[in-house]
Amino acid sequence: MVGTVRAARHRGRAGAAFAVGLALGAAAVFVALGALGSAVSGRAVVIAAVALGVVAVASDALGLRVRPQIHFQVPEPWRRTMPLPRALFLYGLLLGTGLTTYVPATAAWALPALSLALGDVRASLAIAAGFAAGRALPVLLLREDTIAERPRGLRLVRVLAAASLLAALVAGQVQAAGTVATPGGDPSAEGAEVAWQQPGVGGFLRKDGTTAQLPGNDPAIGATFAAWHTGSALTVADRATLTPIVQDDVPGVQKLAVSRSWLAYRTPTEIHVRPVTEPGPGTTVEKVRQPGTLGRPALGVNLVAFHRATAGGSWITAVNVLSGKRLRLRYSPTAELLNPSLLAGQLLYVRASRCSQQLVLGPLRSGRDRVLYELGPLAGQDAGHERHHTSQGEHLPCPHKPRVTAKMLWTTALSPTTAYVTVLRPARGGRTVPTLLAVSRG
């Protein structure tokens, strides 16, 4: 087959047919895996994918025997019974699937698992393109005797495959991140349980590996309680049985948080806190005038936290419910600090700057923050001067070249082992589609 493809390179259409077949075969397999990955719970898949990737990197770097192998060759009679472009297109289609014939590197087995763990169609397309190029280049550029008789050529291919896969594992977005639900966002967590909102459908709760729809919207869970609302009708229920404990009418209620002692809720311009088992408006802890914005409330033991943004900066504030004392936990005049979550003296939040978007975890009051997950910024950098004019001007470079994205990190939740974050991506008609990710706290 290698000789046939190399001989056909100079015939234009036949060589192009082989490349097109490779690309289509790879795209079909990896996009399907990416779509499947977006619909399944990702944590176990992510762990398995990372483990398989590490094994593949070691195998290819050390030159170990590629196992397993599928002992199947592309049908040789095709090149004698079909027009050459059609035969080479089918050869490429089979090679592009990656799992229907011999593979030259162990990394080929790790890439499907990587695509499944990512759960992202665009990322899967990128993997497909890389895989197709990796299979095509040795065939198109190396002589047949180099592949068959000189092991150094194949050895080089495997080392390059190991390096590429290692870079994907270290710098890619799989870093212990898995898809919980899509569409789904605005998470709330308690122990191993997580609740979220599916736009246009309602709230969902996942516990013990089972997902159930809740009888309301914008769910929150904490301690032994669950809370949701349907319009202005707010319900606090027993988390185990979902039996209502308190029900009352709260005009304008939008987002909720619940803990062992407190219920917090946000209206368009206010945040209120009240004892969890008592009806009524409770205490107003924050009030803004538009265009100032308030974030979703988060509860600690006796603290309610939220973000606030104005033209002068962005900050995360916590208010002690008992004393009324206010604490400024984080502040930035240039970056947006968004949607905090509290747990056991830890603060999780989103930091969006001109260089990146980061899911950040750190001590509540002081200490060093850690980046758990990162996306590129929503906009590119200004060069600091007009094109074709003097280069004089102001330009503040980022530590690394930003990779602009249309995705946006948004709401968060925190459990003892996992950080949850909503990723918003644009869709047709000006809509955004939320995806809920789980990121290991490491």
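Residues numbered from 1 in each chain as written. Predicted model: local features only at pLDDT ≥ 70, side-chain atom pairs only at ≥ 80, totals over all residues. Heavy atoms only, no water.

Summing up the model confidence of the protein chain, the mean pLDDT is 82 and the portion of residues at 70 or higher is 79%. Per-element mean pLDDT across the protein chain ranges from 50 in helix H8 (residues 144–149) up to 98 in strand S7 (residues 225–230). Note on residues 171–175: pLDDT is under 50 here. Beyond four places in sequence and across chains, it has 14 contacts. (pLDDT = per-residue confidence, 0-100. Helix = DSSP H or I, 4+ residues; strand = E, 2+ residues; numbered from the N terminus. Contact = heavy atoms within 4.5 Å.)

So, on to the packing of aromatic side chains. By the definition in use, this model includes two aromatic pairs. Relative to Phe204, the ring of Trp196 has its centre 6.2 Å away and its plane inclined at 15°; by these criteria the two rings are stacked. Of the residues examined, Trp196 reaches a relative accessible area of 3% and is grouped as buried. The exposure class of Phe204 is buried, given its relative accessible area of 14%. Between the aromatic rings of Trp315 and Tyr331, the centroid separation amounts to 6.3 Å while the plane-to-plane angle is 40°, which identifies the pairing as tilted. Of this pair, Trp315 sits in strand S17 (residues 313–320) while Tyr331 sits in strand S18 (residues 326–332), placing them 16 residues apart in sequence. Trp315 sits in the buried class, given a relative accessible area of 14%. One cation-aromatic arrangement involves Arg328 over Trp315; the distance from NZ or CZ to the ring centre is 5.1 Å. (Phe/Tyr/Trp six-rings, centres within 6.5 Å; stacked < 30°, edge-to-face > 60°. Buried < 20%, exposed > 50% of the residue type's maximum accessible area, 1.4 Å probe, protein only. Lys NZ or Arg CZ within 6 Å of the ring centre and 35° of its normal.)

Turning our eyes to something else, we now look at the side chain of Ser188. Its place among the elements puts Ser188 in strand S2 (residues 185–190). Setting aside residues up to four positions removed in sequence, Ser188 forms contacts with Glu193, Val194, Ala195, Pro219, Ala220, Ile221 and Ala413.

Strand S3 (residues 193–198) sits mainly inside the fold: five of its six residues count as buried. Pairing between S2 and S3: four bridges, direction antiparallel. Bridged to Glu190 within S3 is Glu193. Taken together, S2 and the strand that follows it, S3, pair antiparallel across an intervening segment of two residues, in which Gly191 is found at a positive phi of about 60°. (Pairing = 2+ DSSP bridges.)

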